[in-house]
Amino acid sequence: KDHIRALAEHVQSKYESALRACNAVDFDDLILLTLRLFQEHPAALEACRAKYRYVMVDEYQDTNAAQFKLVHSLTREHRNLCVVGDDDQSIYGWRGAEIANLLDMEQHYPEVKVIKLEQNYRSTKTIVHTANNVIANNKHQLKKEVWTHNDHGEKVLLMRALSDNEEGVMVAQTIFETKVNKQWRNK
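## Thoughts on the nonpolar core
Right, so step 1: Residues Val57, Tyr60, Leu70, Leu74 and Leu81 are the most contacted members of the largest nonpolar core, which totals 16 residues.
Right, so step 2: Those elements that provide at least two residues to this core are α2 (27-40), β1 (55-57) and α4 (65-75).
Right, so step 3: Counting residues per element, this core draws most heavily on α4, at five residues.

## Here's the deal with the pattern of salt bridges
Right, so step 1: Summed over all chains, the structure comprises six salt bridges.
Right, so step 2: For Glu77, the salt bridge identified is with Arg49, shortest N-O distance 3.5 Å. Separated by 28 residues along the polypeptide, Glu77 in the loop between α4 and β2 (81-83) and Arg49 in helix α3 (residues 42-51) bring together distant segments of the chain.
Right, so step 3: Judged by its relative accessible area of 7%, Arg49 falls in the buried class.
Right, so step 4: In this structure, the salt-bridge partner of Asp86 is Lys144, at a minimum N-O distance of 3.4 Å. Taken together, the residues span a long stretch of sequence, with Asp86 in the loop between β2 and α5 (100-103) and Lys144 in the loop between α7 (125-135) and α8 (164-185) at a distance of 58 residues.
Right, so step 5: Classification of Lys144 as partly exposed rests on a relative accessible area of 22%.
Right, so step 6: Each member of the salt-bridge network shares a partner with another, and the members are Asp86, Asp87, Asp88 and Lys144.

## Examining unusual backbone geometry
Right, so step 1: Even without being a glycine, Asn23 presents a positive backbone phi close to 55°.
Right, so step 2: Position of Asn23 relative to the elements: it lies in the loop between α1 (2-21) and α2.
Right, so step 3: Unusually for a residue other than glycine, Glu59 sits at a positive phi of about 55°.
Right, so step 4: Looking at the secondary structure, you find Glu59 in the loop between β1 and α4.

## Observations regarding the packing of aromatic side chains
Right, so step 1: Scanning the model with the defined rule gives one aromatic pair in all.
Right, so step 2: Seen in terms of ring centroids, Tyr92 and Trp94 are 6.0 Å apart; in terms of plane orientation they differ by 50°. Their pairing is tilted.
Right, so step 3: When its relative accessible area of 26% is taken as the criterion, Tyr92 is described as partly exposed.
Right, so step 4: The aromatic ring of Tyr92 is capped on one face by Arg95, whose charged end is 4.0 Å from the ring centroid.

## A few points about α7
Right, so step 1: Along α7, the residues that are buried comprise Val128, Asn132 and Ile135. When α7 is viewed along its axis, its buried side chains cluster within an angular range of 70° and face the same direction. Across α7 from its buried face, at more than 90 degrees, point the exposed residues His129 and Val134.

What counts, and where the lines are drawn
- Residues numbered from 1 in each chain as written.
- Predicted model: local features only at pLDDT ≥ 70, side-chain atom pairs only at ≥ 80, totals over all residues.
- Heavy atoms only, no water.
- Core = buried A, V, L, I, M, F, W, Y, C linked by side-chain atoms within 4.5 Å.
- Buried < 20%, exposed > 50% of the residue type's maximum accessible area, 1.4 Å probe, protein only.
- Helix = DSSP H or I, 4+ residues; strand = E, 2+ residues; numbered from the N terminus.
- Salt bridge = Lys/Arg side-chain N within 4 Å of Asp/Glu carboxyl O.
- Phe/Tyr/Trp six-rings, centres within 6.5 Å; stacked < 30°, edge-to-face > 60°.
- Lys NZ or Arg CZ within 6 Å of the ring centre and 35° of its normal.
- Arc of directions from axis to C-beta.

Just distances and angles here, no functional claims.
Below is the structure:
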């Protein structure tokens, strides 16, 4: 493990050197450097608050701690924040996303008005019903009941995979077989 850590530190050092050589920053730096600017120069924060009186964040369920701090810094005074997010679609926990940013919205913004968009326009009733049953097992969630006016559609196919790779192969194979069968029927 020490050699992996040493390699990671070496790669990180080279990466940061290359960024500096190009006078560049990466996405994380944009946020962290902005937060440092706001901390070291409060006038810069005040200027941004005056300029950006309304802030909107999409996919809020996938924000991380630094993004939350940036949004909160900008909106702490005027409280004009609109976020769009779905706690049941948080997929970036492995990248530092904190679903609590969305789940705890009312703690940070007690005046928040929550508007639930529960109608699904794309999926069949069978898929929506199945998804609701799966989502009901989430320990931390905002309560909602997704519904649709669409037809029931086909039954859900249950497949068991032992790994994410196996699951990917099974999904790809099913898509391929469905496409081939559809082509044969249309001849």
